[in-house]
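# Coordinate analysis (summary)
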Amino acid sequence: MLATQFEAWKEQWLAEGKAEGLAEGKAKGKAEALICLLVERFGAVAPSWQKRIRGAKLVTLERWFKRAIGAPDLPSVFNPPR
């Protein structure tokens, strides 16, 4: 019985790890795409902005990416509209 429970925990742990890894990979890809978009639209992106982008959560990256499409300038991407 203990072996069966251990196997169940192991499978759950592996599934959670896989899901986490996929989410991290997706966020990393979105961060790099956002940096490319910003460079094309506004020119060089300062390392401090790049660090902020690479450290952001996926939901935040998606919000910034949508803003970046029509933003008039780089700060507008990161500041909420008023």
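Throughout what follows, the structure given in this document is the object of discussion. A quick note: this is a predicted structure, and the numbers were derived from the prediction, not measured. (Residues numbered from 1 in each chain as written. Predicted model: local features only at pLDDT ≥ 70, side-chain atom pairs only at ≥ 80, totals over all residues. Heavy atoms only, no water.)

## Topic: the environment of Ala27
Operational definition: The helix count covers DSSP runs of H or I at least four residues long, the strand count covers runs of E at least two residues long, and both are numbered beginning at the N terminus. Burial classes follow relative accessibility: with a 1.4 Å probe on protein chains only, a residue under 20% of its type's maximum area counts as buried, one over 50% as exposed, and anything between as partly exposed. By definition, residues are in contact when any of their heavy atoms lie within 4.5 Å.
Counting through the fold element by element, Ala27 comes out in helix α1 (residues 2-42). For Ala27, a relative accessible area of 14% corresponds to the buried category. Placed 35 residues apart in sequence, Ala27 and Glu62 show a C-alpha to C-alpha distance of 8.9 Å. If near-sequence neighbours (up to four positions away) are discounted, Ala27 is found in contact with Leu58 and Leu61.

## Quick word on the pattern of salt bridges
Once their charged atoms are close, side chains differing in charge can pair, the charge on each being opposite to the other. Going by this rule: Salt bridges are identified by distance alone: a Lys or Arg side-chain nitrogen within 4 Å of an Asp or Glu carboxyl oxygen.
Under the counting rule described, the total for this entry stands at one salt bridge. With its nearest N and O atoms 2.7 Å apart, the salt bridge here joins Arg54 to Glu32. Placement of the pair is Arg54 in helix α2 (residues 47-54) and Glu32 in helix α1, with a sequence separation of 22 residues. Look at Glu32 and you get partly exposed, because its relative accessible area is 30%.

## Section: the packing of aromatic side chains
The following threshold applies: Here a pair means two rings of Phe, Tyr or Trp (six-membered ring of Trp) with centres within 6.5 Å. Their orientation is stacked below 30 degrees between planes, edge-to-face above 60, and tilted elsewhere. Criterion for a charge above a ring: Arg CZ or Lys NZ at most 6 Å from the ring centre, at most 35 degrees from the ring normal.
Across all of its chains, the model carries two aromatic pairs by this definition. Through a chain of ring-to-ring contacts, three or more aromatic side chains come together here, namely Trp49, Trp64 and Phe78. Sitting over the ring of Phe65, Lys30 keeps its end group 5.0 Å from the ring centre.

## So, the nonpolar core
How we decide: Among the buried residues, those of types Ala, Val, Leu, Ile, Met, Phe, Trp, Tyr and Cys that are joined through side-chain atoms within 4.5 Å form a nonpolar core.
Counting residues in hydrophobic clusters, the biggest one holds 15 residues, and the most contacted among them are Leu34, Leu38, Ile53, Leu61, Trp64, Val77 and Phe78. Elements supplying a minimum of two residues to this core: α1, α3 (58-70) and α4 (74-78). Looking at which element gives the most residues to this core, the answer is α1, with five residues. Setting aside anything within four residues of it in sequence, one finds Leu38 in contact with Gly43, Val45, Ile53, Ala68, Leu74, Val77 and Phe78.

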